[in-house]
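# Breakdown of the fold
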Amino acid sequence: MTLGNLFGDIKFRKFNFGITGTLFIGLFVGYFLTKYAVTIPEESKYFSKAQNVLKGNVIDNSIMNLSLLIFIVGTGLLAAKDMKYAITKFGKQFVIIAIFIPFVGAVASYGFSQIFSKMSPYQITGTYTGALTSSAGLAAATESSEAESRYLANEFQDLSEGTKTKILAIINNAKERDAKLKNETIPEKMTIENTTTLSAEDIEVYVTEAKAGVGVGHSIGYPFGVLFLILGINFIPKIFRFDVEKEKEKYFTQKKIDLSKDKDAGKNTIPEVKMDFVGFSVAAFLGYFLGGIKISMGPLGTFSLGSIGGAIIVALILGFIGKMDLLLSVWILLC
């Protein structure tokens, strides 16, 4: 993480990777760690750990999910600070833009997943979140990919031939890659004809590859997303002939005037405080609880926000309210 943060702080002209630098360092270290793991002999006491590295079990899932939850809750609480004024002033515009941009990207991603049938849909999903330069999107995609891939793998026998083919292609590629790394014989390819169900090992391979695919896709799409953002920031003002600094100054001046006219502005203004672990924990707990609620959708099955979706919604709401006295009292009583 330290190396990732240091790399993220390096500026390439006006561009730097920021917190996403940890992702690229992780990919870099993971690559060489995998290359080293295949050289560990079976008689070594580190052989089992090397096998875990090759299987992608480097970080425990509980630690991974907790880290994602902390990140999302923090993002939501920070984003909620000026949410009321922004929504009141530019509500309709925000809603239109917020729906249009990701919707177009989602439709394009789905289209590419149908065109490039041999490409992992999880890699395409990761590319989508990377192109949006969305770390929160990466967190949500990583979590949902695990749940979806595990569900599909367990229901393999009931899936369509096209879906089965994609799943088997991902598993076959993973096994072939691992066999080459270990200098072992490449196992026989799994096909629809010789595979009716997936073994527990095959399921874990597929789930691991799904999560890894999201990360790989994100790391590929992210630089291009940032590149186009930089180009847009630099060229759009010139194309439409407006001064960004003057526009920012006008915005904050207008905001100050609007808030001064609002009689309730003083009442609704929430003073900034230092990090409150208890309040943060309440937001994380409630978000996790909300994300675990499953809503029946009839023939379509069930729907849930997941811990990431629940966390961002709760964090935005609590950050918007700003006061959690009652919730904190309940939390203390429960503890």
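Residues numbered from 1 in each chain as written. Predicted model: local features only at pLDDT ≥ 70, side-chain atom pairs only at ≥ 80, totals over all residues. Heavy atoms only, no water.

## Here we look at the nonpolar core
How we decide: Here, the term nonpolar core denotes a set of buried Ala, Val, Leu, Ile, Met, Phe, Trp, Tyr and Cys residues that are joined through side-chain atoms within 4.5 Å. Any residue under 20% of the maximum accessible area for its type is buried, any over 50% is exposed, and the rest in between are partly exposed; the area is computed with a 1.4 Å probe on protein chains only. In this description a helix means any DSSP run of H or I spanning at least four residues, a strand means any run of E spanning at least two, and both kinds are numbered starting from the N terminus. For this analysis, residues touch if any pair of their heavy atoms sits within 4.5 Å.
Core analysis: the biggest nonpolar cluster contains 18 residues, and Tyr122, Leu152, Ile167, Ile171, Leu198 and Tyr206 have the highest contact counts within it. Looking at which element gives the most residues to this core, the answer is helix α9 (residues 200–240), with five residues. Those residues in contact with tyrosine 122, other than ones at most four positions away along the chain, are Ser145, Glu148, Ser149, Leu152, Ile170, Tyr206, Ala210, Gly213 and Val214. Within the second largest apolar cluster, 13 residues are counted, among which are Ala139, Val314, Ala315 and Leu318.

## Notes on helix α13 (residues 306–321)
For the record, the criterion: Each helix should span, by expectation, one fewer than its residue count multiplied by 1.5 Å.
Helix length check: α13, at 16 residues, gives a terminal C-alpha distance of 23 Å against a target of 22 Å (1.5 Å per residue), a fit within 8%. What α13 keeps buried is the set Gly306, Ser307, Ile308, Gly309, Gly310, Ala311, Val314, Ala315, Leu318 and Gly319.

## Let's talk about the UniProt feature "transmembrane region" (unreviewed entry) in the protein
To keep it simple, the criterion reads: UniProt positions are given in the numbering used here, feature names are shortened, and annotations may be inferred rather than shown by experiment.
UniProt tags residues 15–33, 62–80, 92–112, 220–240, 277–296 and 308–334 as "transmembrane region" (unreviewed entry). Taken as a whole, residues 62–80 contains 95% helix and 0% strand, while its terminal C-alpha atoms sit 27 Å from one another. Annotation note: span residues 92–112, helix share 100%, strand share 0%, distance between end C-alpha atoms 30 Å.

## Some thoughts on the environment of glutamate 176
For glutamate 176, the position within the fold is in helix α8 (residues 161–181). Taking relative accessible area as the criterion, glutamate 176 reaches 21% and is therefore assigned partly exposed. Residues glutamate 176 and proline 187 lie 11 residues apart in sequence; the distance between their C-alpha atoms is 7.0 Å. Once you skip the residues sitting within four places of it in the chain, glutamate 176 turns out to touch Ile186 and Lys189.

## Some words on the confidence of the model for the protein
Where we set the bar: Per-residue confidence from the predictor is reported as pLDDT, a score between 0 and 100.
Summary statistics for the protein give a mean pLDDT of 77 and a share of 82% for residues scoring 70 or more. When the elements of the protein are averaged for pLDDT, helix α14 (residues 325–334) gives the smallest value, 45, and helix α6 (residues 121–131) the largest, 88. The model gives residues 328–335 a pLDDT under 50, and that stretch makes seven contacts with residues more than four places away or in other chains.

## Some remarks on α8
For α8, spanning 21 residues, the distance from its first C-alpha to its last is 30 Å, which sits close to the expected 30 Å at 1.5 Å a residue. Listed in full, the buried residues belonging to α8 are Lys164, Ile167, Leu168, Ile170, Ile171, Asn172, Ala174, Asp178 and Ala179.

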